[in-house]
Amino acid sequence: WYQRRVRGGLTLYIMGFAPGMGPLPWTINSEIFPNWARDTALCITTFTNWLGNSIISQTFLTLSKAAGRPGAFFTYAAVALVGMAYFFVFLPETKGISLERTDELFRSRKTFIGFKPHSKGTAEEVE
């Protein structure tokens, strides 16, 4: 019975993660860098992604002992929500914009904390 619950939970997780948050970093990374910097930038972001995965793997057992399993998951969920809010506010929409034009979009706005947030930037704003 326990194995079925674990298998079912893992299946539900993969079903939710694969079409949603799973490919999102790779999609964003392929769009936000200009052609002249794309290869180096993708290497750096891939390293950062794997570094983050490693940090979670290395801290989970310690955090789950200190805060309990629910506490560990809520801690990671809180960090993910902060990241999601940051990207929701500061990451401009690139739908309908060519790869070459995204460079102009990102140069036309400040995208870091402390600077103006976007108003759901669109292709019309860039033109």
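Placed above this text is the structure.
The rules behind each value
Residues numbered from 1 in each chain as written. Predicted model: local features only at pLDDT ≥ 70, side-chain atom pairs only at ≥ 80, totals over all residues. Heavy atoms only, no water. Helix = DSSP H or I, 4+ residues; strand = E, 2+ residues; numbered from the N terminus. Expected span 1.5 Å × (residues − 1). Bend = angle between axes of the 7 residues up to and from the residue. Buried < 20%, exposed > 50% of the residue type's maximum accessible area, 1.4 Å probe, protein only. Patch = residues over 30% accessible without salt bridge, like charges linked within 9 Å, V, L, I, M, F, W, Y side chains within 5 Å. Areas by Shrake-Rupley, 256 points an atom, 1.4 Å probe, with all protein chains shown as cover. Salt bridge = Lys/Arg side-chain N within 4 Å of Asp/Glu carboxyl O. Axes fitted to C-alpha atoms, helices over the stretch in contact; angles between N-to-C directions. Parallel < 35°, antiparallel > 145°, perpendicular 65-115°, else oblique. Left-handed = near helix turned anticlockwise from the far one by under 90°. Contact = heavy atoms within 4.5 Å. Nonpolar A, V, L, I, M, F, W, Y, C, P; charged D, E, K, R; others polar.

Student: Just to check I follow, could you spell out helix 3 (residues 38-90) for this structure?
Tutor: Every α-helix carries 3.6 residues per turn, so stepping three or four residues along brings you back to the same face. The end-to-end C-alpha distance of helix 3 is 20 Å, clearly below the 78 Å that 53 residues give at a rise of 1.5 Å each. Maximum bend of helix 3: about 115°, positioned at Ala-67, with proline Pro-70 one to four residues after it. If you check which residues of helix 3 are buried, you get Arg-38, Ala-41, Thr-45, Ser-64, Ala-72, Tyr-76 and Phe-90.

Student: Where do I start with helix 1 (residues 2-17) in this structure?
Tutor: Taking 1.5 Å of rise per residue, the 16 residues of helix 1 would be expected to cover 22 Å, and the 22 Å separating its terminal C-alpha atoms lies within 8% of that figure. Little of helix 1 sits out of view: just zero of its 16 residues are buried.

Student: Is there a simple way to think about a nonpolar patch on the surface in this case?
Tutor: Together, Leu-10, Tyr-13, Ile-14, Phe-17, Met-21 and Leu-24 make up a nonpolar patch on the protein surface, roughly 590 Å² of accessible area in all. Sorting elements by how many residues they give to the nonpolar patch places helix 1 first, with four residues. Among the secondary structure elements, Met-21 is positioned in the loop between helix 1 and helix 2 (24-32).

Student: Help me understand the environment of Thr-59, please; the structure alone is not making it clear to me.
Tutor: With respect to the helices and strands, the residue Thr-59 is situated in helix 3. Each C-alpha atom of the pair Thr-59 and Ala-72 lies 9.2 Å from the other, and the pair is 13 residues apart in sequence.

Student: Please explain the packing of helix 2 against helix 3 as it appears in this structure.
Tutor: To describe two helices that pack against each other, one gives the angle between their axes and the distance between the axes. Packing of helix 2 against helix 3 brings their axes to within 10 Å, and their N-to-C directions diverge by 155°. Classified by the interaxial angle, the pair formed by helix 2 and helix 3 is roughly antiparallel. Along this stretch, helix 2 crosses helix 3, giving a crossing that reads as right-handed. For the pair helix 2 and helix 3, contact is made by Trp-26, Asn-29 and Ser-30 and by Arg-38, Leu-42, Thr-45, Thr-46 and Asn-49, respectively. Split into classes, the residues belonging to the contact of helix 2 with helix 3 amount to two nonpolar, five polar and one charged.

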